[in-house]
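Take a look at the letters that make up each chain.
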Amino acid sequence: MRFDMRSNSPRVSGTTRNNQGNRCARAFALLLATMTIQASATGHLLIEQAWIREAPPGAMMLAGYAVLRNDGDAVVEISAAQSKIFGDVSIHESVLEDGVSRMHELKGLQIAPGTHVALAPGGKHLMLMDAKTPMVAGTPVELTLIMADGRTASAVFIVSADAPSPAAH
Ligand SMILES: [Cu+2]
């Protein structure tokens, strides 16, 4: 019995293979369609734990910090930042040179899909110049990040002495 069934099997599996071939062709066509959709994938920028470090009244410069998260499926490239509350906003990075902390301007920030970049004291930050209103603790300030593709993402940064705890969100 078993032997007979096995002897029939080449024909049966031959038919099956043809069906699988058709199915494979359809699956491949679907895969191509899916890949076309993925080719137009975009990054998606989330601005979290946004705050501005409180400074003495009349301070010329303030610094904004946040966690910039990309939960999209393409790179997010931030090329500039702006705010109605500040005359000038730029992207800076602090670095130690010969034991002295200096900052320089960055042309932009790149965030890979599924990753984040932390703007934090001692590292990357938003340099905020020429405040139009007093920056006392608790003041909400809207900042807008501009991406290289022209899209924007805004968030309210709260003036504070310390970084907000992640649990607060
Ligand atoms: Cu700076």
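All figures in this text were calculated on a predicted structure; none of them were measured in a lab. (Residues numbered from 1 in each chain as written. Predicted model: local features only at pLDDT ≥ 70, side-chain atom pairs only at ≥ 80, totals over all residues.)

**Some thoughts on the overall build of the protein**
Here is step 1: Helix and strand counts for the protein come out as one helix and ten strands.
Here is step 2: Tracing the protein from N to C terminus, the helices and strands come up as α-β-β-β-β-β-β-β-β-β-β.
Here is step 3: Here the protein, with 169 residues, has 21% of them falling under the buried criterion.
Here is step 4: The long-range share in the protein, meaning contacts at least 24 apart out of those at least 6 apart in sequence, stands at 70%. (Helix = DSSP H or I, 4+ residues; strand = E, 2+ residues; numbered from the N terminus. Buried ≥ 20, exposed ≤ 12 C-beta atoms within 10 Å, placed from the backbone. Contact = placed C-beta atoms within 7 Å.)

**Comments concerning the nonpolar core**
Here is step 1: Counting 28 residues, the largest nonpolar core has Ile-52, Leu-126, Leu-128 and Phe-157 as the members making the most contacts within it.
Here is step 2: Mapped onto this core, the elements with two or more residues apiece are strand 1 (45–53), strand 2 (61–70), strand 3 (76–82), strand 4 (86–97), strand 8 (124–131), strand 9 (140–147) and strand 10 (152–160).
Here is step 3: Sorting elements by how many residues they give to this core places strand 2 first, with five residues.
Here is step 4: Phe-157 has contacts with Ala-50, Trp-51, Ile-52, Gly-64, Ala-66, Val-141 and Leu-143, leaving out every residue within four places of it along the chain. (Core = buried A, V, L, I, M, F, W, Y, C linked by C-beta atoms within 7 Å.)

**Observations regarding unusual backbone geometry**
Here is step 1: For Asp-98, which is not glycine, the phi dihedral falls at a positive 55 degrees.
Here is step 2: Its identity is not glycine, yet Asp-130 carries a phi of approximately 60 degrees, on the positive side.
Here is step 3: Among the structural elements, Asp-130 can be located in strand 8.

**Re the confidence of the model for the protein**
Here is step 1: For the protein, mean pLDDT is 84; residues scoring 70 or higher make up 76% of the total.
Here is step 2: When the elements of the protein are averaged for pLDDT, helix 1 (residues 2–39) gives the smallest value, 54, and strand 7 (residues 116–119) the largest, 98.
Here is step 3: Below a pLDDT of 50 lies the segment residues 1–17, which in the model reaches zero contacts outside its immediate sequence neighbourhood of four places, other chains included. (pLDDT = per-residue confidence, 0-100.)

**Let's talk about the pairing of strand 10**
Here is step 1: Relative to strand 10, strand 1 runs parallel, the two being bridged by three bridges. Along strand 10, the bridge assignment pairs Ile-52 with Val-159.
Here is step 2: As paired elements, strand 9 and strand 10 share seven bridges and run antiparallel to each other. Looking at the pairing, Glu-142 lines up with Val-156 of strand 10.
Here is step 3: Hairpin connection of strand 9 to strand 10: four residues between the antiparallel strands, including Gly-150 at a positive phi of 95 degrees. (Pairing = 2+ DSSP bridges.)

**Observations regarding the environment of Val-136**
Here is step 1: Within the element layout of this structure, Val-136 appears in the loop between strand 8 and strand 9.
Here is step 2: Between the C-alpha atom of Val-136 and that of Glu-54, which follows or precedes it by 82 residues, the distance is 6.7 Å.

**Remarks on the environment of His-125**
Here is step 1: Note on placement: His-125 falls in strand 8.
Here is step 2: In this structure the C-alpha to C-alpha distance between His-125 and Leu-106, which are 19 residues apart in sequence, comes to 9.7 Å.
Here is step 3: Once residues lying within four places of it in the same chain are set aside, the contact partners of His-125 are Ala-63, Gly-64, Tyr-65, His-92 and Leu-119.

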